[in-house]
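# Overview (structure and organization)
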Amino acid sequence: MLIKCPECGHQVSDQAKTCPSCGIEIAGKITRCPDCGEVIFKEQSRCPMCHRSINGASGDLVDDLRQPEPQPVHAPVPEQPEQPVAPAPRPSRKRRIGVAAFVVALVIVLIGVFLGIYFLKNQEAQAEQRAYENAVKSAEPLVLQNFLDMYADAPKAHRDSVKTHLDALKKIDRDWTDALVNNSKTGYERFVKLHPNNAHNVEAAIKIDSLDWVAAQNENTAEAYQKYITEHQDGSYYDEARSSFEQLEAQKVTSEDRLVVSQLFTTYFNALAQMDESALSSTLAPVLTSFLHRQNATKEDVRQYMEKLHEADITKMDFTPGDWTIEKKDEGDGRFSYNVNFTVAQHMERTEEGRETRAVYKVTAQVSPEGRITELNMKRSVQ
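Residues numbered from 1 in each chain as written. Predicted model: local features only at pLDDT ≥ 70, side-chain atom pairs only at ≥ 80, totals over all residues. Heavy atoms only, no water.

## What to know about the pattern of salt bridges
- Inspection of every chain in the model, using the stated rule, returns 18 salt bridges.
- The shortest N-O distance in the salt bridge between Glu223 and Lys252 comes to 3.4 Å. Note that Glu223 is positioned in helix H7 (residues 222-231) and Lys252 in the loop between helix H8 (238-251) and helix H9 (255-274), a separation of 29 residues in sequence.
- The salt bridge involving Arg303 is made with Glu307; its shortest N-O contact spans 2.3 Å. Taken as a pair, Arg303 and Glu307 lie in helix H11 (residues 299-309) at a separation of four residues, close to a single helical turn.
- A relative accessible area of 17% places Arg303 in the buried class.
- Ionic contacts of the salt-bridge type, sharing partners, join the residues Glu311, Asp313, Arg350, Glu352 and Arg355 into one network. (Salt bridge = Lys/Arg side-chain N within 4 Å of Asp/Glu carboxyl O. Helix = DSSP H or I, 4+ residues; strand = E, 2+ residues; numbered from the N terminus. Buried < 20%, exposed > 50% of the residue type's maximum accessible area, 1.4 Å probe, protein only.)

## Here's the deal with the environment of Ile26
- Structurally, Ile26 is set in the loop between strand S2 (11-13) and strand S3 (30-32).
- On the accessibility criterion, Ile26 (0% relative accessible area) is buried.
- When the C-alpha positions of Ile26 and Asp14 are compared, they lie 6.8 Å apart, and in sequence the two are 12 residues distant.

## Section: the sheet that holds strand S8 (residues 335-350)
- Ordered by their spatial adjacency, six strands build an open sheet running S6-S5-S10-S9-S8-S7, and the pairing between neighbours is mixed. Since the sheet does not close on itself, it has two edges, and those belong to strand S6 (294-298) and strand S7 (314-332), each with one partner. In this sheet, neighbouring strand axes are inclined to one another by 25° on average, regardless of whether the strands run parallel or antiparallel.
- Bridging between S8 and strand S9 (residues 358-367) involves 10 bridges; their strand directions are antiparallel. Bridge pairing in S9 links Thr343 to Lys362.
- Contacts from H9 reach strand S5 (287-291), S7, S8, S9 and strand S10 (373-380) within the one sheet, and its direction differs from that of S7 by about 150°. (Pairing = 2+ DSSP bridges. Axes fitted to C-alpha atoms, helices over the stretch in contact; angles between N-to-C directions. Contact = heavy atoms within 4.5 Å.)

Coordinates in, geometry out; function isn't part of it.
This is the structure:
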């Protein structure tokens, strides 16, 4: 006899050991509700269809299924068309399975949410760590300030470290600004001493190099250029300093220069005193730019002065040069001229008594690279 499985509702034989659809046991486990005839499990205490209490039911369950209770005999009733049976409500076991599935699904969703939050937080922490490492390595205040603005919730140790680094960079900037405003060698050297590894030190070295070069040019001495050369072996103006130093060194008056000049003027004044025209001529350039303030004087002009100098009563004359000041001027190609300043005392012996026997002159003169007098002017000193 076919019955409806009380578990899944599919048709099954009442002799089947188990339901082929859901696997629930059938034989020996089912009975009919005495009121509505619904097939139910025998351990159920109440019919799920009509809710009749089943407690106390007795008799052979299988026989109850095979042989319905005897009905009273009535007059034949016209056969009525079979009415569709309403589907039985889901058993409670199915509901428990659905609830369990929902709980499992909810747990899986929650685990997914928690994992997503974990990975998101982990990625944020990694990004903050990378930003922190970049910030503490940076020498740009803007980079550090960006970290503080973007990572307000960063670990306190990170934020404190970045703030300390930022304050140090700001102090360096202030010190560099002060050095630029002061623009002195002392200021730049102080900055380098305070911040030995700072990137501004390259610019500070360039500034110091430039300031030292300007100072050397203003002084314009061989000693000043030598100092620059010594302190700035890799300086931007090293070659210029070397050239200027060599020029000034070449212009230094040596003992040899002094000997040449002194011998020249000694010969000149001795020739004047002795009226030695030939010796006098050997000391002079063909044309003197100035002789006793006369422009473009010739040797003949000098000879005439010599004759005028020897008055009739003078029996003897000599000249004694005094202190010399000699300047050496580079004319190029290793040739030098000289600007000469000195005093000379004139001594005279006369036949006439009461006349002047001594005079002192201040002499300014120029000597050509060829060793000839090109200019000579004399001014009498008041005795």
